[in-house]
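# Architecture at a glance
Letter by letter, the chains look like this.
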Amino acid sequence: MASFLCMMPSIGVGTQSPSRTRLRNFFPTTRFQGRHFVIRAAETETNDAKTSKAPDAAPAGKGSNINQLLGIKDAARETDKWKIRLQLTKPVTWPPLVWGVVCGAAASGNFHWTIEDVAKSIVCMIMSGPCLTGYTQTLNDWYDREIDAINEPYRPIPSGAISENEVITQIWLLLLGGLGLGGLLDLWAGHTFPTIFYLALGGSFLSYIYSAPPLKLKQNGWIGNFALGASYISLPWWAGQALFGNLTSDIIVLTLLYSIAGLGIAIVNDFKSIEGDRALGLKSLPVAFGIDTAKWICVGAIDVTQLAVAGYLLGADKPYYALALLGLIAPQVIFQFQYFLKDPVKYDVKYQASAQPFLILGLLVTALAASH
């Protein structure tokens, strides 16, 4: 619901200061023209010509088709609009949100392997992943188009592969679809208060202020990354638990604590954008502290948080769950030294592919502990 939970944004290609770039309201303006209803995309004014396009840094014939569909770097160039739309939603970022729903359902203690409960879970996963995470990622790419013009100029928006109107339409459809599913789930669960709808709405708003000026939380490495971590861990968990049970204060505190580990995961993604972040004045932690210090902050946030949760489980008289969580922390530390701490820019993807499965399994262990 990174929106929901996270996270993981035409243009000028130059490296001008953000103060020289003025973005008007993101939302499209509307007017009536005779008997026709016309919607115009919001304008973006820069010192460069509006028709300028980013250089073709990823020529056709190079890159991976799989990476293109997943929305990650080293993607092949694509002209099919539906594949481009999918790329903007970054499907590779959906699994943590889907897993968060699983954890919330498990923590509720009320999930049963019936057709109805499975169907509810799938709808909640679609809301959290394809709809609201897709909304978040598309929105982020829209507001990151200047940074992408520096770091990844071949991405769909800066390369001109998809128009502004098409991007804005996609943002609205994904947002409204996600909110609609949230309301449907509240009705399905028999809620007197629309808990899931408001979680979806709050997560969507958090996504907006994360990416969009004037707040643009991502400009601050600490606040932005924690917001992203909470979106990817806490919000889908809360939605899954609210769908099948009651969302309690101790679960809210525990998942927000776990979101500090999400902050560390979000920092991993900042290393690949150092050049563009520095050029546009964004204070990501690798820019603010340098690569060597930031990589230790990153692994510290991930490891210390999980150790604290293991301590909490031990103090709650759940030693077997605590030991299981410790067993899942160990391989993460090994992969940190094997890949990430050696070169966080070169090995960021390999590290995440190797270590993150153990982190998300730890989330499930914690959820199962909470359910007992």
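Residues numbered from 1 in each chain as written. Predicted model: local features only at pLDDT ≥ 70, side-chain atom pairs only at ≥ 80, totals over all residues. Heavy atoms only, no water.

### Topic: the pattern of salt bridges
Under the definition given, this model contains 8 salt bridges. Notably, a salt bridge pairs Lys-81 with Glu-166, separated by 3.1 Å at the nearest N-O pair. Of this pair, Lys-81 sits in helix α2 (residues 81-89) while Glu-166 is found in helix α7 (residues 164-189), placing the two residues 85 residues apart along the sequence. For Lys-81, a relative accessible area of 32% corresponds to the partly exposed category. (Salt bridge = Lys/Arg side-chain N within 4 Å of Asp/Glu carboxyl O. Helix = DSSP H or I, 4+ residues; strand = E, 2+ residues; numbered from the N terminus. Buried < 20%, exposed > 50% of the residue type's maximum accessible area, 1.4 Å probe, protein only.)

### Quick word on the nonpolar core
Met-127, Trp-237, Phe-340 and Tyr-351 are the most contacted members of the largest nonpolar core, which totals 77 residues. At 11 residues, the largest contribution of residues to this core is made by helix α9 (residues 221-244). Contact partners of Trp-237, with chain neighbours within four places excluded, come to Gly-100, Val-101, Cys-103, Gly-104, Ala-107, Ile-251, Thr-255, Leu-363, Thr-366 and Ala-367. (Core = buried A, V, L, I, M, F, W, Y, C linked by side-chain atoms within 4.5 Å. Contact = heavy atoms within 4.5 Å.)

### Some thoughts on helix α13 (residues 291-315)
The terminal C-alpha atoms of α13, which comprises 25 residues, lie 36 Å apart, in line with the 36 Å expected from a rise of 1.5 Å per residue. Listed in full, the buried residues belonging to α13 are Ala-294, Lys-295, Cys-298, Val-299, Ala-301, Ile-302, Asp-303, Thr-305, Gln-306, Val-309, Ala-310 and Leu-313. In this structure, the buried side of α13 is in contact with α10 (249-270), α12 (285-289), α14 (319-340) and α15 (348-371). A positive phi of about 65° marks Asp-317, the residue just after α13. (Expected span 1.5 Å × (residues − 1).)

### Some remarks on the confidence of the model for the protein chain
When the pLDDT values of the protein chain are averaged, the result is 84; 83% of them are 70 or greater. Across residues 2-61 the pLDDT falls below 50, and counting only partners more than four positions away or on other chains, this stretch makes 161 contacts in the model. (pLDDT = per-residue confidence, 0-100.)

### Brief notes about the packing of aromatic side chains
A complete count under the given rule lists 12 aromatic pairs for this structure. Between the aromatic rings of Tyr-143 and Tyr-208, the centroid separation amounts to 6.4 Å while the plane-to-plane angle is 80°, which identifies the pairing as edge-to-face. Residue Tyr-143 is located in helix α4 (residues 115-143), and its partner Tyr-208 is located in helix α8 (residues 195-211); the two are separated by 65 residues in the primary sequence. Side by side, Tyr-143 and Tyr-208 carry an identical accessibility label, which is buried. Taking 6.2 Å as the distance between ring centres and 70° as the angle between the ring planes, the aromatic pair formed by Trp-296 and Phe-337 counts as edge-to-face. Linking Trp-296 in helix α13 with Phe-337 in helix α14, this pair joins segments that are 41 residues apart in sequence. (Phe/Tyr/Trp six-rings, centres within 6.5 Å; stacked < 30°, edge-to-face > 60°.)

### Quick notes on the packing of helix α3 (residues 94-108) against α15
Two quantities define a packed helix pair, namely the angle between the helix axes and the distance between the axes. Here α3 crosses α15 at 20°, and the two axes come no closer than 7 Å. Taken together, α3 and α15 sit at an angle that is classed as roughly parallel. Of the two possible hands of crossing, α3 and α15 adopt the one that is right-handed. Contacts from Trp-99, Val-102, Cys-103, Ala-106 and Ala-107 of α3 reach α15 at Ile-360, Leu-361, Leu-363, Leu-364, Ala-367, Leu-368, Ala-370 and Ser-371. In terms of residue class, the contact of α3 with α15 is built from 12 nonpolar, 1 polar and no charged. (Axes fitted to C-alpha atoms, helices over the stretch in contact; angles between N-to-C directions. Parallel < 35°, antiparallel > 145°, perpendicular 65-115°, else oblique. Left-handed = near helix turned anticlockwise from the far one by under 90°. Nonpolar A, V, L, I, M, F, W, Y, C, P; charged D, E, K, R; others polar.)

### A word on the environment of Trp-94
Along the chain, Trp-94 turns up in helix α3. Sequence separation of Trp-94 and Tyr-232 is 138 residues, and the distance between their C-alpha atoms is 9.1 Å. Not counting the four nearest positions on each side in its chain, Trp-94 is found in contact with Leu-86, Thr-89, Gly-129, Pro-130, Thr-133 and Gly-134.

### Here we look at unusual backbone geometry
For the bond from Pro-213 to Pro-214, the omega torsion is 10°, close enough to zero to count as cis. Checked against the element boundaries, Pro-214 lands in the loop between α8 and α9. Unlike most non-glycine residues, Lys-90 shows phi in positive territory, near 50°. In this fold, Lys-90 is placed in the loop between α2 and α3. With a relative accessible area of 9%, Lys-90 lands in the buried category.

### Details of the side chain of Ser-204
Mapped onto the secondary structure, Ser-204 falls in helix α8. Only 2.7 Å separates the side chain of Ser-204 from the backbone oxygen of Ala-200, close enough to count as a polar contact. (Polar contact = N/O pair within 3.5 Å; in protein donor to acceptor, adjacent residues only side chain to side chain.)

### A few points about a nonpolar patch on the surface
Together, Leu-307, Tyr-320, Leu-323 and Leu-326 make up an exposed nonpolar region whose accessible area comes to about 470 Å². Among the elements that take part in the nonpolar patch, α14 stands out by supplying 3 residues, more than any other. Among the structural elements, Leu-307 can be located in helix α13. The class for Leu-307 is partly exposed, based on a relative accessible area of 45%. (Patch = residues over 30% accessible without salt bridge, like charges linked within 9 Å, V, L, I, M, F, W, Y side chains within 5 Å. Areas by Shrake-Rupley, 256 points an atom, 1.4 Å probe, with all protein chains shown as cover.)

### Describing α2
Each turn of an α-helix holds 3.6 residues, which means side chains three or four residues apart point in the same direction. Ile-84, Arg-85, Gln-87, Leu-88 and Thr-89 are the residues of α2 that are buried. Structurally, α2 contributes buried residues whose contacts are with α1 (65-70), α3, α4, α6 (156-159) and α7. For α2, the side-chain oxygen to backbone nitrogen distance between the N-cap and Trp-82 is 3.0 Å, and the N-cap itself is Asp-80. A positive phi of about 50° marks Lys-90, the residue just after α2.

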